[in-house]
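The primary structure of each chain is shown beneath.
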Amino acid sequence: MNKTLYKPVVSKYKEIEPFEMDEGVQFHDMMMKEMGPKTIIVGLATFEPGKGLPCHIHNVEESVTILKGNAFCDVEGVRTALEPYDTSFIPANIPHRFVNASESEELIILWAYSQIDESLKQVDVERIIVDTELCMLPKK
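Residues numbered from 1 in each chain as written. Predicted model: local features only at pLDDT ≥ 70, side-chain atom pairs only at ≥ 80, totals over all residues. Heavy atoms only, no water.

## Focus on the sheet that holds strand E10 (residues 107–114)
Taken in spatial order, the 6 strands of this open sheet run E1-E2-E3-E10-E5-E8, and their pairing is antiparallel. Of all the strands in the sheet, the pair left with one neighbour each is strand E1 (19–22) and strand E8 (87–90). With strand direction ignored, the average angle separating the axes of adjacent strands in the sheet is 30 degrees. (Pairing = 2+ DSSP bridges. Helix = DSSP H or I, 4+ residues; strand = E, 2+ residues; numbered from the N terminus. Axes fitted to C-alpha atoms, helices over the stretch in contact; angles between N-to-C directions.)

## A few points about the pairing of strand E5 (residues 62–68)
Pairing of E5 with E8 involves 4 bridges; the strand directions are antiparallel. Counterpart to valine 64 in the pairing with E8 is serine 88.

## A look at the side chain of glutamine 115
Relative to the elements of secondary structure, glutamine 115 occurs in the loop between E10 and strand E11 (127–129). A residue is classified by how much of its surface remains accessible, and glutamine 115, at 2% relative accessible area, is buried. Polar side-chain contacts of glutamine 115 include one of 3.4 Å to the backbone oxygen of isoleucine 40. (Buried < 20%, exposed > 50% of the residue type's maximum accessible area, 1.4 Å probe, protein only. Polar contact = N/O pair within 3.5 Å; in protein donor to acceptor, adjacent residues only side chain to side chain.)

## A few points about the state of the cysteines
This model, assessed by the stated rule, comprises 1 disulfide. Note that cysteine 55 is cross-linked by a disulfide to cysteine 135, the S-S spacing being 2.0 Å. Its torsion about the S-S bond being 75 degrees, the disulfide of cysteine 55 and cysteine 135 is classed as right-handed. In this pair, cysteine 55 is assigned in the loop between strand E3 (40–47) and strand E4 (56–58) and cysteine 135 in the segment after E11, connecting sequence segments 80 residues apart. For the residue pair cysteine 55 and cysteine 135, the accessibility class agrees, reading buried in each case. (Disulfide = S-S within 2.5 Å.)

As structure tokens, then:
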């Protein structure tokens, strides 16, 4: 019989305290390292109309799925329009950002980060803000 090294866990959205990651962007950390997973963490982010994240990189892989609304995904000089259920994969250390493409509707995304870096070592996930130009944002 296999011995379980860690237990399954369920987190309830209504029980997770949201926090503002950036102006107009609320995060719900749904499954974090402290809850038991060894290789992934998962959460939701809600963007107010027209709001977005700053250009940044992570030390791990990231996948984002659009759950509600429309987004722009800016990655290394390319802007891609996304709609519900479109999913992105961003390798570690690649400049990127997500922006709510609507001026009137909210955007909700599901994000998942690996907790394993490129050398396959378990690490703490980092977010490092980088020069906006690396994400190809339009001039205002």
